[in-house]
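Descriptive analysis of the structure
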Amino acid sequence: MSHPVKIKNALISVYYKDNLEPLIRQLNDFGVTFYSTGGTEKFIKDLGYDVVRVEDLTGYPSILGGRVKTLHPKVFGGILSRRELQEDIAQAEQYDIPQLDLVIVDLYPFEETVKAGLGEEEIIEKIDIGGISLIRAAAKNFQDVVILASKDDYSNLHGILSENNGSTLLSHRRDFAKKAFNTSSHYDTAIFNYFNQDNSLNVFKQSEQKATPLRYGENPHQKGFFYGNLDEMFSKLNGKELSYNNLVDIDAAVSLIDEFEEPTFAILKHTNACGVASRETLSEAWELALACDPVSAFGGVIICNREVDEKTALEINKLFFEVLIAPAFSEAALKVLTEKKNRILLLRKEVQLPSRQFKTLLNGIIEQDKDLSIEGSDLMKPATERKPTEQELKDLFFAIKLVKHTKSNTIVLAKNGQLLASGVGQTSRVDALRQALEKAKAFNFDVKGAVMTSDAFFPFPDCVEIAADAGISVILQPGGSIKDQLSIDMANQKGVGMVITGVRHFKH
């Protein structure tokens, strides 16, 4: 059933008046009576049209500094009255309540005020009361009322009214109501999350208004979307659209590179680093990062924390890769790197990232604090007779950053600010170590004098023994096993150093 409704009366009260004029002119041409307040009332009058002041309709002025303007039975009765019920029609006539067929209202910019860092008094005043009530009322009565809760829908309604001679169909009104409830629920979520910044109420509320369809999900038979505003974080300078897997890898790459202050390159594949190196110059860092595992680097995601210059770009250009992320690119570097159209180049912007993370699980959601802990030399407590040298402490600090961002069970081998090899996502720590040693050997790395870090404790001394026999000089582990002493004893027996941090870094 189409149930067309001709718009005769419209209540219009908006904060943002962008692109409102064409709709106002069209509504006037259809003979619509305008009801309005404040700045919107003046806006309509300045266009040369008559306006009924809401204060004249209700018999009450705007009071309490503008906090109360539209909260009145003559306004809400006109919105909520059910046109098919004689009782509602009779009461509206009894109290001289006009039927309002169209409500155009938006909300005070609460989120923008919070982002601007203003004081709490200003933030509280941007909690809309009348607007949110009008939106809910009009959306509830979509059988007879059109609600526009966003300036993005002005042109949409304009087109509908043009096609239907000033009327709307039930399908139109229901669609606008759906959008309005999305607006109101998002707004309330933002307000709640502001008040619950201390997470004292253990409830989960998230709302993202912008959705970007992806080519597909993790696999071609899965649909995928990104919810959020990627443009706030990156400028895409070249390449095809980002995929679901690209985004997962980019997230891992950003988290990893943010651990480093010195010039660093990282190459990732399926969220795990296959090459990382820190050096005084970015070109040196790239050369050593690629040397870690040039096989896995093929088709990977690359990230660095300095401007990419032409010299470095010429070397990177020799490799097939999916994505390159940097805080800046020289003009000459861009000329080199944009030779291939599908290659994705992202210029990273400064954006504050969330400190909590969540994902769907079973029939619910799990949430946790991000792992923001990183253990410097002050937290590396020597547990053996042999103590690490200053350079070994630097290498352990480098390696623990990699362990933290590598899938468990993991072992990382590093030396002189370079990843030599890692064992990734293994079902046992021994397997992870053996995998790391085999990879190091495959790419001609000498692990003698290298350091080894583990994401979790050693339940048995076997890893220590294997590492020591391979030439590892110092081992870092969080400790916590009831058999820690066995590993410490083995390290002393083999003459290698061991430090214990007390902090585990599982990653699943």
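First, a word on scope: everything that follows refers to the structure included in this document. (Residues numbered from 1 in each chain as written. Predicted model: local features only at pLDDT ≥ 70, side-chain atom pairs only at ≥ 80, totals over all residues. Heavy atoms only, no water.)

Attention now goes to the overall build of the protein chain. When helices and strands are counted, the protein chain shows 19 helices and 23 strands. A globule of 508 residues ought to have a C-alpha radius of gyration of about 23 Å, yet the protein chain, at 31 Å, is considerably larger. Summarising its shape, the C-alpha atoms of the protein chain cover approximately 95 × 55 × 45 Å along the three principal directions. Considering the protein chain as a whole, with its 508 residues, one finds that 47% of them fall into the buried category. (Helix = DSSP H or I, 4+ residues; strand = E, 2+ residues; numbered from the N terminus. Rg over C-alpha atoms; globule rule 2.2 N^0.38 Å. Buried < 20%, exposed > 50% of the residue type's maximum accessible area, 1.4 Å probe, protein only.)

What follows deals with the side chain of Asn141. Mapped onto the elements of the fold, Asn141 is located in the loop between α8 (130-140) and β6 (146-148). Classification of Asn141 as buried rests on a relative accessible area of 7%. Non-local contacts of Asn141, meaning those with residues more than four positions away in its chain, are made with Ile79, Leu80, Ser81, Arg82 and Arg83. (Contact = heavy atoms within 4.5 Å.)

For any pair of aromatic rings, the description consists of the separation of the ring centres together with the inter-plane angle of the planes. One pass over the structure, following the stated rule, counts 11 aromatic pairs. Aromatic side chains Tyr15 and Tyr16 sit 5.1 Å apart centroid to centroid with 75 degrees between the ring planes, which places their arrangement in the edge-to-face category. When its relative accessible area of 41% is taken as the criterion, Tyr15 is described as partly exposed. Under the relative-accessibility criterion, Tyr16 is labelled partly exposed at 28%. Between the aromatic rings of Phe110 and Tyr187, the centroid separation amounts to 6.3 Å while the plane-to-plane angle is 65 degrees, which identifies the pairing as edge-to-face. Pair noted here: Phe110 is in helix α6 (residues 110-115) and Tyr187 is in helix α10 (residues 170-195), with a separation of 77 residues, a long-range link. Just as Phe110 is buried, Tyr187 falls in that class too. In this structure an aromatic cluster arises from ring pairing among Phe110, Tyr187, Tyr194 and Phe195. Here the guanidinium or amino end of Lys151 rests over the ring plane of Tyr16, the centre of that ring lying 4.8 Å away. (Phe/Tyr/Trp six-rings, centres within 6.5 Å; stacked < 30°, edge-to-face > 60°. Lys NZ or Arg CZ within 6 Å of the ring centre and 35° of its normal.)

Right, let's get into the nonpolar core. Membership of the largest hydrophobic core comes to 54 residues, with the highest contact counts inside it found for Ile12, Leu27, Phe34, Ile79, Ile104 and Ile147. With 8 residues, α10 is the single largest residue contributor to this core. With residues near it in sequence (within four places) discarded, Leu27 still touches Ile7, Ile12, Val32, Phe34, Leu102, Ile104 and Leu161. (Core = buried A, V, L, I, M, F, W, Y, C linked by side-chain atoms within 4.5 Å.)

Now for unusual backbone geometry. Each neighbour pair has its own omega, and for Ser408 with Asn409 the value is -10 degrees, a cis peptide bond. By the secondary structure assignment, Asn409 is in the loop between α16 (390-404) and β19 (411-415). You will see that Asn199, though not glycine, has its phi angle at about 55 degrees, which is positive. Relative to the assigned elements, Asn199 resides in the loop between α10 and β8 (211-213).

With that out of the way, let us pick up a nonpolar patch on the surface. A cluster of nonpolar side chains, contributed by Phe204, Phe358 and Ile365, occupies part of the molecular surface with about 260 Å² of accessible area. Within the fold, Phe204 resides in the loop between α10 and β8. (Patch = residues over 30% accessible without salt bridge, like charges linked within 9 Å, V, L, I, M, F, W, Y side chains within 5 Å. Areas by Shrake-Rupley, 256 points an atom, 1.4 Å probe, with all protein chains shown as cover. Salt bridge = Lys/Arg side-chain N within 4 Å of Asp/Glu carboxyl O.)

Across 4 bridges, strand β2 (residues 9-13) lies against strand β3 (residues 33-36) in parallel orientation. Within β3, the position partnered with Asn9 by the bridge is Thr33. As paired elements, β3 and strand β4 (residues 52-53) share 2 bridges and run parallel to each other. By the bridge assignment for β4, Ser36 is matched with Arg53. In this fold, β3 hands off to helix α2 (residues 38-46), which returns the chain to β4; that crossover is right-handed. (Pairing = 2+ DSSP bridges. Right-handed = clockwise from strand over helix to strand, strands pointing away.)

A few words on the pattern of salt bridges. Taken as a whole and assessed by the stated rule, the structure comprises 23 salt bridges. The closest approach of N and O atoms between Glu315 and Lys318, which form a salt bridge, is 3.2 Å. In this structure Glu315 comes out as partly exposed when scored by relative accessible area, which is 37%. For Lys318, a relative accessible area of 65% corresponds to the exposed category.

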